[in-house]
Amino acid sequence: MKSWNDRLSTPGINGVRPTPGTMADVVEGQPMLVPTARQVDDFIRSIPEGVEMDVRALRTALAIEHGAEVTCPVTIGYHLRTVAEAANEDLQRGMTLSDVAPFWRVLDAKTPTTKKLSFGAEFVAAQRKREGLKP
């Protein structure tokens, strides 16, 4: 089975394409970014310490950065978990918090992805508190 870091490094099929159908806040035909996990990781690393961004804002910012109107809501959910789990693997191997993607600046107690993390929501809450972010 692939590690989370292997999944993070998998090239994947990304790019901007018309949205195939209307779902959530995405309207059929809109130019939609389908990002790679690495693109999500890179973007999260650019969020400064002490600054939070919810998933919707992350999707909007990623879309704009890549010339799209929206970012795929399904893909972003998968990749947020990959980024968080890969960071946890790195921390388990001895890397420091400053060396991993600060996913806790996007994930919080209410984000569905947080509930799926293998290492639990307590770590996310502790990092958010350390940076002065709301739980």
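Engineer: Let's hear about the environment of T36: which residues, and what values?
Structural biologist: By the secondary structure assignment, T36 is in the loop between β2 (31-34) and α2 (37-45). Assessed through its relative accessible area of 11%, T36 is described here as buried. Remark: the alpha-carbon pair of T36 and N14, spanning 22 residues in sequence, is separated by 5.7 Å. Setting aside residues no more than four positions away along its own chain, T36 makes contact with P11, N14 and H79.

Engineer: Outline the pattern of salt bridges, supporting the account with residue identities and numerical values.
Structural biologist: A full pass over the atoms with the stated rule returns 10 salt bridges. A salt bridge links E49 to R130, with the nearest nitrogen and oxygen atoms 3.8 Å apart. Of this pair, E49 sits in the loop between α2 and α3 (55-65) while R130 sits in helix α6 (residues 121-130), and the two are 81 residues apart along the sequence. By relative accessible area, which is 57% here, E49 ends up exposed. For R81, the salt bridge is made with E85, and the minimal N-O distance between the two is 3.3 Å. One end of the pair, R81, and the other, E85, are both in helix α4 (residues 73-92), four residues apart, so they sit about a helical turn from each other. Here the salt bridges share partners, and the residues they tie into one network are E49, R105, R130 and E131.

Engineer: Tell me about the sheet that holds strand β1 (residues 15-18), and please be specific about residues and values.
Structural biologist: Spatial strand order, β1-β2-β3: three strands in an open sheet with mixed pairing. The outermost strands of the open sheet, each flanked by one partner alone, are β1 and β3 (70-71).

Engineer: Describe the layout of surface pockets, and please don't skip the residues or the numbers.
Structural biologist: By volume, the largest pocket is sized at about 320 Å³. Surrounding the largest pocket, 17 residues form its lining, V74, G77, Y78, T113 and K116 being those nearest its centre. For the lining of the largest pocket, the secondary-structure elements that each account for two or more residues are α1 (4-9), α4 and α5 (112-116). When residues in the lining of the largest pocket are grouped by element, the largest group, nine residues, is from α4. When grouped by side-chain class, the residues that make up the lining of the largest pocket number nine nonpolar, five polar and three charged.

Engineer: Can you tell me about the packing of α2 against α4, naming the residues and giving the values?
Structural biologist: Contact geometry for α2 and α4: axes closest at 9 Å, N-to-C directions at 65°. Judged by the inter-axis angle, α2 sits roughly perpendicular to α4. Like other packed secondary-structure pairs, α2 and α4 cross with a definite hand, here right-handed. Residue-level inspection shows A37, V40, D41 and I44 of α2 in contact with α4, the latter providing I76, H79, L80, T82 and V83. Grouping the constituent residues of the contact of α2 with α4 by class yields six nonpolar, two polar and one charged.

Engineer: Got a sec to walk through the pairing of β2? Specific residues and values, please.
Structural biologist: Alignment of β1 against β2, held across four bridges, turns out to be antiparallel. The residue bridging P18 from the neighbouring strand is P31, located in β2. Looking at chain direction, β2 and β3 are connected through two bridges and run parallel. Note that in β3 the partner of L33 across the bridge is T71.

What counts as what
Residues numbered from 1 in each chain as written. Predicted model: local features only at pLDDT ≥ 70, side-chain atom pairs only at ≥ 80, totals over all residues. Heavy atoms only, no water. Helix = DSSP H or I, 4+ residues; strand = E, 2+ residues; numbered from the N terminus. Buried < 20%, exposed > 50% of the residue type's maximum accessible area, 1.4 Å probe, protein only. Contact = heavy atoms within 4.5 Å. Salt bridge = Lys/Arg side-chain N within 4 Å of Asp/Glu carboxyl O. Pairing = 2+ DSSP bridges. 1 Å grid on protein atoms, 1.4 Å probe; cavity = no way out; pocket = protein on both sides within 12 Å on 5 of 7 lines; lining within 4 Å. Points joined across faces, edges and corners; volume = space filled by probe spheres on them. Nonpolar A, V, L, I, M, F, W, Y, C, P; charged D, E, K, R; others polar. Axes fitted to C-alpha atoms, helices over the stretch in contact; angles between N-to-C directions. Parallel < 35°, antiparallel > 145°, perpendicular 65-115°, else oblique. Left-handed = near helix turned anticlockwise from the far one by under 90°.

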